[in-house]
Structures are given as structure tokens and as C-alpha cells.
Amino acid sequence: MYYISELYNFFAELSANNNREWFAANRARYDSLRSYWMDDIDRMIDRMKVWEPGLENQNAKSCAYRINRNLRFSQDKTPYKTHFGASIHVGGRRCGNAGYYLDIGYPGEYESGLYGGLWEVEPLMLRKLRHAIVDNIEEFEDIVNAPDMLRDFPGWCSSTLKTIPKGWDRNHPQAEYLRMTNYGKMRLCPEEYYLNPDWPMRSADLFHTLKPFIDFLNYSMTEEIFSI
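Note that the structure is a prediction, hence the values are computed from the model and not measured.

1. A look at the pairing of strand E5 (residues 183-188)
- Alignment of strand E3 (residues 113-118) against E5, held across 6 bridges, turns out to be antiparallel. Paired with Gly116 across the two strands is Lys185, which belongs to E5.

This is the structure:
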């Protein structure tokens, strides 16, 4: 039996029994499901390497997140995540550049999906990105409004300021982009998406749509901009 159905069941049971005793009793089950997931992530990354050779040194082990939650700064003290996730970046998951992300959780409780972009942006870098977008607005809008982008990744995944950032005209024509505090595109994936065994190949192909967007963000982070 294909493992995703059992993975959904595991997440549902974990959500209702999120404690170390239950997890220890179901550890062998978790290890088996995790192994299947890691194999699929490797399949996906191998296909992505066809159009992104910078991922040559990346694999599931370097990209997948642990199921253990970081409890140090969280009010929620449940020890385990109820989803699997992986973050794929040229330069590695912790490099700080824009990249690709996907996750899967229990349908109805967790919104699984495919994502691409840059989050948790430091203030100086955020200012730099805003200037890069404004200074190259035609290129940027050609990317985010391309037909395949609108088809494959119709939604933005970004927190937004209530007002325009300090130093910008509040009626600026690019106010929508200037108010963003991170830049991400997303595609939510219903239960049926991951139930198809070909999802790693399909995800790699969908992520290809995001490459011009990711390249724009990463280039803008390294470009010399003197107006900020």
C-alpha cells in the first residue's frame, strides 16, 4: 500500500496523542514512514537538479526538517510537529537565500503545499529587495504575472505592513510590494495531491515555474544598490 495514506493517519493520531510516550510506542512506524518520505524528497531533488545544477550537493538529509519542535520560545509545548517539511536551497537549507519549500500534514487540520521565496528577511536586506523590485519593476512583474506563475502559484505567502514603509510615498504605484515584509509564492495541495505517487516529479516540475522568481530574489540580495 502506498505510504501517504498511512502517513495521514499517523499525523492524525499524533495530533491527538502529541506526547513522548505515544511517539516512543510508535517509533518504528514513524521511522518507516520517514524513510519513504526521504526517498521521495531525494527523487524530487534529483529531478530539480536537471534545471538547477546548483542543487548538486543537496539531498533529503540536508533539506528535510526534523519532526521535533523547538520549544525554547514557543508557548505550545507539544514536542512534535504534525507535518513533514523540506526546504531546498542552493547553498543549503541554512544559507539564508531564497529557495523552495514543501510540506504535508493531516488534511483538514494542516494546509499542505508548495512554496518558494524568502522569509524572515533582515531589515537592511528587506530595504534592498524593495529597491530592487521598484528599480526593476517591469522585470519583476513579468515574472510574478507570467501565465505559468499565475496558473501554478496563484497566491502570495507574505506578511504585510498596514502602511507603506517609512521613506516611501504612500501612493507609490508599487505599494503592494513595498508593504510586504517577506516575498513568497504558494500553491496549496489538497489530500489527493500527495496520494498520487508521482507527486515528487510533479513538484519538481512545478518548482521550475518558480525559478525566475527565486533567481530574481537571490540576485537582488547580492546586487550592489547605492540608493538605500
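So, next bit.
2. Some details on the sheet that holds strand E4 (residues 155-156)
- Spatially, 5 strands are ordered E1-E2-E3-E5-E4 in an open sheet, and the strand pairing comes out antiparallel. Edge positions in the sheet fall to strand E1 (83-88) and E4, since each has one partner strand and no second.
- Running at roughly 75 degrees to strand E2 (residues 99-105), helix H1 (residues 3-16) makes contact with E1 and E2 of the sheet.
- Across the face of the sheet, helix H3 (residues 27-48) comes into contact with E1 and E2 while running at roughly 25 degrees to E1.

3. Focus: unusual backbone geometry
- With phi around 55 degrees, Glu120 is a residue other than glycine that occupies positive phi space.
- Relative to the helices and strands, Glu120 resides in the loop between E3 and helix H5 (123-135).
- Residue classification places Glu120 among the exposed positions, given a relative accessible area of 78%.

4. Digging into the pattern of salt bridges
- Overall, the coordinates contain 10 salt bridges when judged by the stated rule.
- Here Arg27 ties to Asp31 by a salt bridge, and the two come within 3.1 Å at their closest N and O atoms. Taken together, the positions of Arg27 and Asp31, both in helix H3 and 4 residues apart, correspond to about one turn of that helix.
- The exposure class assigned to Asp31 is partly exposed, which follows from its relative accessible area of 37%.
- Several salt bridges share partner residues, and in doing so they unite Glu6, Glu13 and Arg29 into one network.

5. Details of the environment of Gln58
- One can find Gln58 in the loop between H3 and helix H4 (60-63).
- Among all residues touching Gln58, those that are not within four sequence positions of it are Ile45, Lys49, Cys63, His89, Gly91 and Gly92.

6. Some words on the nonpolar core
- Judged by nonpolar contacts, the single largest core of 60 residues is most densely connected at Met44, Ile88, Leu102, Tyr194, Trp199, Phe207 and Phe213.
- Setting aside residues no more than four positions away along its own chain, Phe213 makes contact with Gly116, Gly117, Phe140, Ile143, Val144, Met149, Trp156, Tyr183, Gly184 and Lys185.
- Among the nonpolar cores identified, the runner-up in size contains 5 residues, and Val134, Trp168, Ala175 and Leu178 belong to it.

7. Comments concerning the packing of H5 against helix H10 (residues 199-222)
- Orientation of H5 relative to H10, taken along the N-to-C sense of each, is 115 degrees, at an axis distance of 9 Å. Handedness of the H5/H10 crossing: right-handed. Note on element contacts: H10 touches H5 through Phe216, Leu217, Ser220, Met221 and Thr222, opposite Met125, Lys128, Leu129, Ala132 and Ile133.
- Residue composition of the contact of H5 with H10, by class: 7 nonpolar, 2 polar and 1 charged.

8. A word on the state of the cysteines
- By the definition in use, this model includes 0 disulfides.
- Of the cysteine sulfurs around Cys157, a residue in no disulfide, the closest is that of Cys189, at 13 Å.
- Judged by relative accessible area, Cys189 falls into the buried class, the value being 8%.

Rules and cut-offs
Residues numbered from 1 in each chain as written. Predicted model: local features only at pLDDT ≥ 70, side-chain atom pairs only at ≥ 80, totals over all residues. Heavy atoms only, no water. Pairing = 2+ DSSP bridges. Helix = DSSP H or I, 4+ residues; strand = E, 2+ residues; numbered from the N terminus. Contact = heavy atoms within 4.5 Å. Axes fitted to C-alpha atoms, helices over the stretch in contact; angles between N-to-C directions. Buried < 20%, exposed > 50% of the residue type's maximum accessible area, 1.4 Å probe, protein only. Salt bridge = Lys/Arg side-chain N within 4 Å of Asp/Glu carboxyl O. Core = buried A, V, L, I, M, F, W, Y, C linked by side-chain atoms within 4.5 Å. Left-handed = near helix turned anticlockwise from the far one by under 90°. Nonpolar A, V, L, I, M, F, W, Y, C, P; charged D, E, K, R; others polar. Disulfide = S-S within 2.5 Å.

Such coordinate-based values are descriptive only and should not be taken to indicate function.
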